[in-house]
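This is what each chain is made of:
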Amino acid sequence: MHYLTEASEIYQQIFQLSLYKTLWIDTEIADWYTDKPKLALIQVLADYTDLTGESAYIFDVLDKPDLAVYFINQIMVNSKIEKVFHNAGFDLKYLGKELAQNVTCTLKIARKITKEVLQTTNLKLKTLAAELCQFSHVDAEEGTSDWGKRPLTQKQLNYAAMDTVYLAAVHYRLLEISNPDVISRVFNMVDHKSENSSLTPTKVRLAFECPRLFYLNHHFNCKAIFSPKDTLGGVGNVFHKLADDFINLLLIEPRFKSLFNPSTTELNVDQITSEIQQLFYQIKFFPYLQNTIVQDGSKAPILLQVWQGLQGLIKKFTELLIINRRYCSAETVIQNTFISGEHNLEYYFDLPNGTKQLIRGEFDCLVFNFELKRLCMVEFKTYQPVDSAAQLAQVSLYSYMLSKQKKTPVDSAVYCVLPEFKEYKYSWEQLENTVHQLIPYKLLQMQNWLSWESPNPNPPPATTQPHLCEICPQQQKCQTFFDVESNHDQNSDTEPPKPDPSINADKIGEDLVNTLQSFGIGVEYHGAAVSPAFIRVKLKPNSGVKVNSILKLSADLQVQLGLNYPPLIAPQAGYVSVDLPRQDRQIAKFEDFIQKQFLPPTAPVKIAIGVSIDGKLLEADLSDPNTCHFLVGGTTGSGKSEFLRSLLLSLIYRHSPQHLKIALVDPKRVTFPEFEQMSWLYAPVVKDSDRAVELMEELVAEMESRYQKFEKAKCADLTVYNQRSSQILPRIVCIFDEYADFMAEKEVRTILEQSIKRLGAMARAAGIHLIISTQRPEASIVTPIIRSNLPGRVALSTKSEADSKIILGGTSTVAAYLIGKGDLVYQVGSHLQRLQSLLAQSIQLPLV
């Protein structure tokens, strides 16, 4: 925050703020409990995207009435500036009273909506911030401190600054509920797209989990926590407060120290844990419990969960204290274990494009382990992580910034205290060798996402983990804000083949309805569609029939209907789809969908994915961030090689060698033999690990060279550069078959991973694209970092459900039940579509 005490500085800043259209304002009053209260502080926020108070202004006007008058004349009476207060009636007593114009009171808005609709305990600003906007560590106690005493403490200043932050966030959320049409007028006055605005480790974690939720959270302060549906709200804020109280109490209460007086051989973890828990319960938790329940009895279940979490935390800390007791006296062990000091961190990261990105954050706890001789940053969570890679990225940032501050390695740990205690530990060596090298590229990617504006094309990509959409707090807003369908699956204009007239889909649908009826399952038939590999029957369950009762009948239906494979059954919007494998399975011939015709150099470069249930070819635009790079997986017999060959043909049939180059990696030497002499090759087909490493390093160097050219030409990407330049740079597509074959050698594996990370994070704008495929999508081969940089996913049939989950992310096991030979699911973000891959029965290269 900007704390100003000099009159000249305050006058100047008030004048600057008078140029804004909307300001969020609060005041602090000295001697408020007397009959002569005095205005002490005026706090103002102009940038509503600020979540930390860094851009808030705090004017110290105690005993400076001239400054208050100037503020009233410049700001309060100016009808062109909307002034937002929470309890405007109180603040206006000191800021112009009836002279003030264009004033908005968020308390009045909240009262009109009612706390029952808002589902909050009360309508106080701090309560709305915590319960409506999901802020953590909300300080509601400092408001009663002595605002007339100088100097003010850092805690007071933080409290004052955060009041304006809470106010802006609450204002937005209330308008979103009551009057969304005015949001753009009020909240689009600030240039919040600046590359240099600060980010937080929490936002980096969110960007890994879902780029779109990250975008909405950054620009609109939306709630952004993926919590399981049964999770009790409000636990996190209370837990963090009491965990802080526990550590502070440990450091000052002598009774805790006395517990460690016995020799180390006599110290018993369970006994000391129990005594520490009892002491903390008596001194702090029970009084807090009583006070809270008196005010609001409905908080009892929350506090029960908080105490459960605290018990696990206390046991973990006790174990560490007993370890450290071997190296310290009873008098010093606690203070030597818990490192006191400022928890706020900030660091400027150098990005690959030459700019810097400021990261600001507040970590939970820093401890020292004498046995390991290592500091460890501890992050508290009251839920289990939904994405391990995202969690790793978040704690690595804290660890990295702390290591810079302390000038020593810092390990990281995450204590997930609910529903049961679980610890995730990351050594400094793990962090330094993996995630730290990725962070600058991820930050650059995040900057690019934040620069997008609706309704332009290429929005931030959707999450690669569809199960997160089911628990997303902004599911409806995401669907309306982002034009989901317009930016990924591209339908071919080619006329699809006519449906097979020999198949009576309605008769098959009626037979299925009757079969389900024999199991006591009542459904309505809502039509059927015929694809080359299966017939999709749409069923609407009768009232009272649970979808799960249909899902579990897959094996029974296979037997009763005489199918070679079990049907795939899935809930859809308004119906249940049952995909019945065809006995007379057809192929989707490549030549029926794609013709040889070179497109102009400015045309989008698309790859053929497969034929949909309605007979249309779906393609992916490689310039789209959702589909710029692909992970492809499928076991032997899945049709993976044929898929890659048809994908490659779809590129060279429509783009000349001058405008497109292909890099091929074929360790098995059987996927691309017909393409070894084609004019489109970027380099000879790669067949061994040494050359694969060289190729990837060459592509990284080519990417960096292109960005240098873009910088000189003042262009943002390849498309703009080629429009302006007389010398066109071709797009480069690298198709990497059987990535797993190169992962046995540690040195090769490390280099390839680093190159894929860099290309995945940065290469799209440079016109370089990766398609990485494997028969063995194991966790040790397709790591979370690799997956996070390959947003497009194609899964053909896999050996196991575990392999399906790795390719598609989350809990999706559908690929394990595909029927092979080009049967695939195509995932962009959270959307899964079942398609049939094209088959090129003979390879005929275009003449050039």
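Preceding this paragraph is the structure being described.
Residues numbered from 1 in each chain as written. Predicted model: local features only at pLDDT ≥ 70, side-chain atom pairs only at ≥ 80, totals over all residues. Heavy atoms only, no water.

Trainee: Before we go on, may I ask you to explain the overall build of the protein in this structure?
Mentor: Within the protein, the regular secondary structure consists of 29 helices and 28 strands. For 848 residues, the compact-globule formula gives about 29 Å, and the C-alpha radius of gyration of the protein, at 31 Å, lands near that figure. With respect to the principal axes defined by its C-alpha atoms, the protein has extents near 90 × 70 × 60 Å. Looking at the protein as a whole, 54% of its 848 residues qualify as buried. Put simply, of all contacts in the protein between residues at least 6 apart along the chain, 67% involve residues at least 24 apart. As displayed, the protein offers around 36,800 Å² of accessible surface, 49% of which is attributable to carbon and sulfur atoms. Distance from the positive charge centre (85 side chains) to the negative charge centre (94 side chains) of the protein: 1 Å. (Helix = DSSP H or I, 4+ residues; strand = E, 2+ residues; numbered from the N terminus. Rg over C-alpha atoms; globule rule 2.2 N^0.38 Å. Buried < 20%, exposed > 50% of the residue type's maximum accessible area, 1.4 Å probe, protein only. Contact = heavy atoms within 4.5 Å. Areas by Shrake-Rupley, 256 points an atom, 1.4 Å probe, with all protein chains shown as cover. Lys, Arg positive; Asp, Glu negative; His and termini not counted. Charge placed at Lys NZ, Arg CZ, Asp CG, Glu CD.)

Trainee: I would appreciate a short explanation of the sheet that holds strand β14 (residues 523-530) in the present structure.
Mentor: Backbone-to-backbone hydrogen bonds join strands into a sheet, with any given pair of strands oriented parallel or antiparallel. Read from one edge of the open sheet, four strands run β14-β15-β17-β16, paired in antiparallel fashion. Every interior strand has two partners, whereas the edge strands, β14 and β16 (568-572), have only one. Each strand of the sheet is rotated relative to its neighbour by a mean of 25°, with strand direction disregarded. Here β16 pairs with strand β17 (residues 575-581) via five bridges, running antiparallel. Pairing of A570 across the sheet is with S577, part of β17. Here helix α21 (residues 505-518) sits on the sheet in contact with β14, β15 (534-541) and β17, set at roughly 145° to β14. (Pairing = 2+ DSSP bridges. Axes fitted to C-alpha atoms, helices over the stretch in contact; angles between N-to-C directions.)

Trainee: Would you mind going over the sheet that holds strand β11 (residues 410-416) with me for this structure?
Mentor: A sheet is described by the order of its strands in space; here four strands give the open sequence β9-β10-β11-β12, paired in mixed fashion. Each of the sheet's edge strands pairs with one partner strand only, and the pair in question is β9 (365-369) and β12 (422-426). Ignoring which end each strand starts from, the neighbouring axes of this sheet average 25° apart. Examined bridge by bridge, β9 and strand β10 (residues 374-381) share five bridges and lie antiparallel to one another. Paired with C365 across the two strands is V378, which belongs to β10.

Trainee: What am I meant to see in the nonpolar core here?
Mentor: Most often, soluble globular proteins have nonpolar side chains that are buried together. By size, the foremost hydrophobic cluster in this structure holds 160 residues, and its most contacted members are I25, F59, F71, M76 and F736. Here the element with the most residues in this core is helix α7 (residues 154-178); it accounts for 14 residues. Other than its neighbours up to four places away in sequence, I25 contacts I42, Q43, V44, F71, I75, M76, K83, V84, F85, L95 and L167. In terms of nonpolar packing, the next biggest core, distinct from the first, is built from 44 residues, A243, F256, L267 and L313 among them. (Core = buried A, V, L, I, M, F, W, Y, C linked by side-chain atoms within 4.5 Å.)

Trainee: Before we go on, may I ask you to explain the packing of aromatic side chains in this structure?
Mentor: Given two aromatic rings, their pairing is described by the distance between the two centres and the angle made by the two planes. Evaluated as defined, the whole model comprises 35 aromatic pairs. Plain terms: the ring middles of Y215 and W452 are 5.6 Å apart, the flat faces sit at 65° to each other, and that makes the pair edge-to-face. In this pair, Y215 sits in helix α10 (residues 211-220) while W452 sits in the loop between α18 (435-450) and α19 (467-470), placing the two residues 237 residues apart along the sequence. A relative accessible area of 3% places Y215 in the buried class. Ring geometry for F246 versus F280: centroids 5.3 Å apart, planes at 80°, classification edge-to-face. (Phe/Tyr/Trp six-rings, centres within 6.5 Å; stacked < 30°, edge-to-face > 60°.)

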